[in-house]
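Structural characterization, general
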Amino acid sequence: QARSAMIACGLALNRRGVNQGKAGNASVRWHRGGRDGLLVTPSALPYDRMSIEDIVWLSLDAEPSGGADGPMPAVVDAQGRVPSSEWRLHRDLYVARDEVAAVVHAHPPHASALACLPAIQAGGIPPFHYMVAAAGGRDIRCAAYATFGTQALSDAVIAAMHGRRACLMAHHGILAVGAGLAAALALAEEVEALARGYHLARLHGGPALLDDAEMGRVLERFASYRP
């Protein structure tokens, strides 16, 4: 059921315009035989061709082969399937954040485009709309750029995600976490909708921003009912 849900998540990302083709990846925290680990989508396989047997299980103590930025962990699924090239993002988030149960990474068009702009890379998406707080703070941060699949990228994302549930990734895409796949998927959709809204507001001269006091009130309200 968990593996089927991950495939359904990938298909939903593409169907809803939050991702495309073989881009992006998803995972869930998953323990096996007393070992802490995760289930993660495989590398370079379209979601519409993915089966439950293709989903890869990794231990949280998995280490790369071929040096710190090797292409895959030294320990892969029993069937020898290769995990997503971004497996480090998923593993490191589960290690750093005990409350995270699912991770979704995607390449949505509006958020990915904004993440290429110097102003967004420096300051993220500001509080032009109260739903920015859905990502966990007063803005939506943008993680610094690093080559895909590297430990440097994982480190940059972990820093941007400190105290947050979602972030942009410079010249790349977005990442969202949740208490389950449904929550992470919904947040990824919300971040893309906000990116589209912020893009439109910029086209019309730039939006007014909510102040810290108001965003503080919004965050307090979100804490009581959002996952």
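What you see is a predicted model; the values in this text were computed from it and never measured. Sequence positions are assigned chain by chain, starting from 1 and proceeding in written order. With the structure being a predicted model, the display of local features is reserved for residues of pLDDT at least 70 and the display and counting of side-chain atom pairs for 80 or more, all residues being used for whole-chain, interface and lining totals. The side-chain numbers reported here are obtained from all heavy atoms of the structure, hydrogens and water having been left aside.

**A word on the overall build of the protein**
Heads up, the condition is: A run of H or I in DSSP counts as a helix once it spans at least four residues, and a run of E counts as a strand once it spans at least two, with each numbered from the N terminus. The quantity called the radius of gyration is restricted to C-alpha atoms. Its globule counterpart is 2.2 Å times the number of residues to the power 0.38. In this scheme, a residue with accessible area under 20% of its type's maximum is buried, one over 50% is exposed, and one in between is partly exposed, where area comes from a 1.4 Å probe on protein chains only. Any two residues having at least one pair of non-hydrogen atoms within 4.5 Å are treated as being in contact. All accessibility values rest on the Shrake-Rupley procedure with a 1.4 Å probe; residue burial counts only the protein chains present in the view. In this tally, Asp and Glu contribute negative charge and Lys and Arg positive charge; neither His nor the terminal groups of the chain are included. By convention, charge coordinates are those of NZ in Lys, CZ in Arg, CG in Asp, or CD in Glu.
Counting its secondary structure elements, the protein contains seven helices and seven strands. Going from N to C terminus, the protein has its helices and strands arranged as α-β-β-β-α-β-α-α-β-α-β-β-α-α. Over its C-alpha trace the protein gives a radius of gyration of 17 Å, about what one expects of a compact globule, namely 17 Å for 227 residues. Taking the principal axes of the C-alpha coordinates as reference, the protein spans close to 55 × 35 × 35 Å. Buried residues in the protein amount to 50% of all 227 residues. Taking contacts inside the protein between residues at least 6 apart in sequence as the whole, the part at least 24 apart equals 64%. When the accessible surface of the protein is summed, it comes to about 10,200 Å², and 55% of that surface belongs to carbon and sulfur atoms. Counting 21 positive and 21 negative side-chain charges, the protein places the averaged centre of each group 3 Å from the other.

**Brief notes about the layout of surface pockets**
Rule in force here: Detection works on a 1 Å grid of protein atoms alone, calling trapped sets that fit a 1.4 Å probe cavities and calling open sets with protein on both sides within 12 Å along at least five of seven lines pockets, with lining residues defined by an atom within 4 Å of a point. Grid points are joined across faces, edges and corners, and a volume is the space filled by probe spheres set on the points. Residue polarity is assigned by list, with Asp, Glu, Lys and Arg as charged and Ala, Val, Leu, Ile, Met, Phe, Trp, Tyr, Cys and Pro as nonpolar; anything else, Gly included, falls into the polar class.
Size it by volume and the largest pocket reaches roughly 190 Å³. As for the largest pocket, its lining consists of 14 residues, of which Lys 22, Gly 24, Asn 25, Ser 84 and Ser 85 are closest to the centre. Of the residues belonging to the lining of the largest pocket, the class tally is four nonpolar, eight polar and two charged.

**Considerations on the packing of aromatic side chains**
In plain terms, the rule: Stacked, tilted and edge-to-face pairs are distinguished by plane angle, under 30 degrees for stacked and over 60 for edge-to-face with tilted covering the rest, among Phe, Tyr and Trp rings (Trp via its six-membered ring) whose centres lie within 6.5 Å.
A full pass over the atoms with the stated rule returns two aromatic pairs. Look at Phe 128 and Tyr 198: their rings are 5.2 Å apart centre to centre, the planes differ by 45°, and that puts the pair in the tilted class. Of this pair, Phe 128 sits in the loop between helix 4 (118–123) and strand 5 (142–143) while Tyr 198 sits in helix 6 (residues 181–203), placing them 70 residues apart in sequence. In this structure Tyr 198 comes out as buried when scored by relative accessible area, which is 9%.

**Some points on the side chain of Ser 154**
Rules: Between N or O atoms, a polar contact is any pair within 3.5 Å; within protein, one atom must be a potential hydrogen donor and the other a potential acceptor, and residues adjacent in sequence are included only when both atoms are from side chains.
Looking at the element boundaries, Ser 154 is found in helix 5 (residues 151–160). At 3.4 Å, the side chain of Ser 154 forms a polar contact with the backbone oxygen of Arg 88. At 2.5 Å, the side chain of Ser 154 forms a polar contact with the side chain of Asp 92. Among all residues touching Ser 154, those that are not within four sequence positions of it are Arg 88, Leu 89 and Asp 92.

**Some words on unusual backbone geometry**
Although it is not a glycine, Ala 44 adopts a positive phi angle of roughly 55°. Position of Ala 44 relative to the elements: it lies in the loop between strand 2 (37–40) and strand 3 (56–59).

**With respect to the state of the cysteines**
This is how it is decided: For the purposes of this analysis, a disulfide is any pair of cysteine sulfur atoms at a distance within 2.5 Å.
Per the stated rule, a full pass over the model turns up zero disulfides. With no disulfide of its own, Cys 9 has Cys 167 as its nearest cysteine by sulfur position, at a separation of 16 Å. Overall, Cys 9 belongs to the buried group, its relative accessible area being 3%. The thiol sulfur of Cys 142 is not disulfide-bonded, and the nearest other cysteine sulfur, from Cys 167, lies at 7.5 Å.

**Details of the environment of Arg 221**
Assignment of secondary structure puts Arg 221 in helix 7 (residues 212–225). Owing to a relative accessible area of 64%, Arg 221 belongs among the exposed residues under this scheme.

**What about the sheet that holds strand 3?**
Our working definition: In short, DSSP must find at least two bridges between two strands for them to pair. Every angle, taken between N-to-C directions, lies between 0 and 180 degrees, and every axis is a line fitted to C-alpha atoms, over only the stretch in contact when it is a helix.
Strand order in this open sheet of seven strands is 3-2-1-4-7-6-5, and the pairing throughout is mixed. In this open sheet, the two strands that pair with only one neighbour each are strand 3 and strand 5. Two elements, strand 1 (residues 25–29) and strand 2, share three bridges in a ladder whose sense is antiparallel. The residue of strand 2 that forms the bridge with Val 28 is Leu 39. Here helix 6 sits on the sheet and contacts strand 1, strand 4 (102–106), strand 6 (166–169) and strand 7 (173–178); the angle it forms with strand 7, its principal contact strand, is near 145°.

**A word on the environment of Leu 39**
On the secondary structure map, Leu 39 appears in strand 2. The sequence separation of Leu 39 and Ile 158 amounts to 119 residues, and the corresponding C-alpha distance is 19 Å. Not counting residues up to four positions away in its chain, the partners in contact with Leu 39 are Ala 2, Arg 3, Met 6, Ala 26, Ser 27, Val 28, Trp 30, Ile 55, Val 56 and Trp 57.

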